[in-house]
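Letter by letter, the chains look like this.
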Amino acid sequence: EVSTLKDLFGLASNEHDVSMAKYSRLPKRKENEKLKVEVAKEVANARRKQHLSSLQYYCALNALQYRKRVAMMEPMLGYTRGQINFFKKGAEMFSKRMDSFLSSVSDMVQSIQGELDAEAEKMRVSQQDLIAVNESVYTPDSDVTSPAINRNLIQKAGYLNLRNKTGLVTTTWERLYFFTQGGNLMCQPRGAVAGGLIQDLDNCSVMAVDCEDRRYCFQITTPTGKAGITLQAESKKEYEEWICAINNISRQIYLTDNPE
């Protein structure tokens with residue numbers, strides 16, 4: 001069951017990546033409102049599906065952990081009771097303390113089972129709440145007119161599209177997970193166990209750029225003035241927060257006692 005849910009979660013994640021790639025390629029100059037709405041709806045459906053499959057997968061993993069605990073305790077409890085009954089036939093070799101211990105173990109097993117039932121019910125309620133939520137929650141850039149932007153960030157993480165040059169004039173875009181760590185920008189591909197350094201942000205500058213008719217693109221420039229990497233955010237909020245966060249980190253605000 002867990003293996004099947006893991007595969008379903010992987011499929012849902014891949015579908016979400018495909019839909020986000022379509023959304024990232026929407027033109028900025030010649031906008032097609034009908035196409036934009038269709039692609040945004042496709043992204044929302046993919047996110048909803050990914051969220052549901054992840055909840056089911058995590059719920060199954062939690063249930064498996066509780067079953068493993070019970071599976072370890074019950075045989076030990078039965079074996080101990082059998083040994084006690086065997087030795088009691090010849091003599092009273094065990095004191096009442098052992099009975100108290102066995103009673104506490106039985107209570108522990110029942111407690112674990114109760115936790116499992118409560119967790120399963122909590123996950124079921126969460127899934128019902130998720131099903132009833134408004135679709136706009138999953139729509140990218142849903143608050144494009146007035147997004148709530150935090151300009152005091154000294155840490156940031158999330159998915160961005162990275163531009164890679166494949167020739168003199170041709171480029172490709174790759175969707176990767178980025179996060180800041182101290183004064184560094186890190187990148188972690190899916191499936192990797194850890195992130196790697198992609199850019200030292202100290203004393204760097206960042207600015208918005210027009211890039212191949214794509215929206216929400218920005219470029220990081222090194223202290224020497226050399227153009228660095230070019231990235232694309234998925235929404236106006238993410239775009240502005242990334243720029244603010246990189247600016248704050250480049251000025252080494254994260255090293256002060258009171259960053260705000």
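Note that this is a predicted model, so its numbers are computed, not measured.

Some details on the sheet that holds strand 3 (residues 184-188)
The strand order across the open sheet formed by 7 strands is 4-3-2-1-7-6-5, and the pairing between neighbours is antiparallel. Sheet topology places strand 4 (196-200) and strand 5 (205-208) at the edges, where each strand pairs with a single neighbour. Pairwise comparison of adjacent strand axes, ignoring direction, gives a mean angle of 40° for this sheet. Inspection of the sheet shows strand 5 paired to strand 6 (residues 217-221) by 4 bridges, in the antiparallel sense. Looking across to strand 6, one finds that Met207 is bridged to Gln219. Packing of helix 4 (residues 236-250) onto the sheet brings it into contact with strand 1 (157-165), strand 2 (171-181), strand 3, strand 5 and strand 6, and relative to strand 6 it is tilted by some 10°.

A closer look at the pattern of salt bridges
Evaluation of the coordinates by the stated rule reveals 12 salt bridges. As a salt-bridge pair, Asp17 and Arg175 come within 2.7 Å of each other at their nearest N and O atoms. Of this pair, Asp17 sits in helix 1 (residues 2-24) while Arg175 is found in strand 2, placing the two residues 158 residues apart along the sequence. The exposure class assigned to Arg175 is partly exposed, which follows from its relative accessible area of 22%. Each of Asp17, Arg47, Arg175, Arg190 and Glu234 takes part in salt bridges that share partners, so that together they form one network.

Looking at the UniProt feature "domain: PH" (unreviewed entry) in the chain
Per the UniProt annotation, the sites labelled "domain: PH" (unreviewed entry) are residues 153-251. Annotated as residues 153-251, this span is 15% helix and 45% strand, and its ends, taken at the C-alpha atoms, are 12 Å apart.

A short note on the nonpolar core
Phe178, Leu185, Phe218, Ile220 and Leu231 are the most contacted members of the largest nonpolar core, which totals 20 residues. Looking at this core, the elements with two or more residues in it are strand 1, strand 2, strand 3, strand 6, strand 7 (227-232) and helix 4. Broken down by element, the residue count for this core peaks at 5 residues, all from helix 4. Excluding residues within four positions of it along the chain, Phe178 makes contact with Lys156, Ala157, Gly158, Leu160, Leu162, Leu185, Met186, Cys187, Ile198, Leu231 and Trp242. Counting residues in each nonpolar core, the second largest holds 11 residues, with Ala63, Tyr66, Leu102 and Ile112 among its members.

A word on the packing of aromatic side chains
Applying the stated criterion to the full structure yields 7 aromatic pairs. Ring centres 6.3 Å apart and planes at 55° place the aromatic pair Phe9 and Tyr58 in the tilted group. You can see Phe9 sitting in helix 1 and its partner Tyr58 sitting in helix 2 (residues 33-88), a full 49 residues away along the chain. Ring pairing ties together the aromatic residues Phe9, Tyr57 and Tyr58, which thus form one cluster. Looking at Arg175, its charged tip hangs above the ring of Tyr159, at a distance of 4.4 Å from the centre. A cation sits over an aromatic face here: Arg215 above Tyr23, 5.1 Å from the ring centre.

Examining helix 4
Because an α-helix packs 3.6 residues into every turn, residues spaced three or four apart end up facing the same way. When the terminal C-alpha atoms of helix 4 are compared, their 21 Å separation across 15 residues agrees well with the 21 Å that a helix rising 1.5 Å per residue should span. Here helix 4 lies mainly inside the structure; 12 of its 15 residues are buried. Taken together, the buried positions of helix 4 are Glu238, Tyr239, Glu240, Glu241, Trp242, Ile243, Cys244, Ala245, Ile246, Asn248, Ile249 and Ser250. Where the residues of helix 4 are buried, they touch strand 1, strand 2, strand 3, strand 5 and strand 6. Remark: Gln252 follows helix 4 within two positions and exhibits a positive phi of approximately 60°.

Structural notes on the packing of helix 1 against helix 2
Where helix 1 meets helix 2, the closest approach of the two axes is 8 Å, and the angle between their N-to-C directions is 160°. Comparing the axis directions of helix 1 and helix 2 gives the class roughly antiparallel. Classified by chirality, the crossing of helix 2 by helix 1 is left-handed. Across the contact of helix 1 with helix 2, the residue classes tally to 15 nonpolar, 7 polar and 6 charged.

Observations regarding helix 1
The end-to-end C-alpha distance of helix 1 is 32 Å, a good match for the 33 Å that 23 residues give at a rise of 1.5 Å each. Inspection of helix 1 places Val2, Leu5, Ala12, Ser13, His16, Ser19, Met20, Tyr23 and Ser24 among the buried residues, and these make up the whole buried set. Of the surrounding elements, those touching the buried residues of helix 1 are helix 2, strand 1, strand 2 and strand 7.

What about the pairing of strand 7?
Sheet topology note: the strand 1/strand 7 ladder contains 2 bridges and is antiparallel. Pairing of Leu162 across the sheet is with Leu231, part of strand 7. Across 4 bridges, strand 6 lies against strand 7 in antiparallel orientation. Counted as the bridge partner of Phe218 is Leu231 from strand 7.

About the cut-offs
Residues numbered from 1 in each chain as written. Predicted model: local features only at pLDDT ≥ 70, side-chain atom pairs only at ≥ 80, totals over all residues. Heavy atoms only, no water. Pairing = 2+ DSSP bridges. Helix = DSSP H or I, 4+ residues; strand = E, 2+ residues; numbered from the N terminus. Axes fitted to C-alpha atoms, helices over the stretch in contact; angles between N-to-C directions. Contact = heavy atoms within 4.5 Å. Salt bridge = Lys/Arg side-chain N within 4 Å of Asp/Glu carboxyl O. Buried < 20%, exposed > 50% of the residue type's maximum accessible area, 1.4 Å probe, protein only. UniProt positions renumbered as here; feature names shortened; annotations may be inferred. Core = buried A, V, L, I, M, F, W, Y, C linked by side-chain atoms within 4.5 Å. Phe/Tyr/Trp six-rings, centres within 6.5 Å; stacked < 30°, edge-to-face > 60°. Lys NZ or Arg CZ within 6 Å of the ring centre and 35° of its normal. Expected span 1.5 Å × (residues − 1). Parallel < 35°, antiparallel > 145°, perpendicular 65-115°, else oblique. Left-handed = near helix turned anticlockwise from the far one by under 90°. Nonpolar A, V, L, I, M, F, W, Y, C, P; charged D, E, K, R; others polar.

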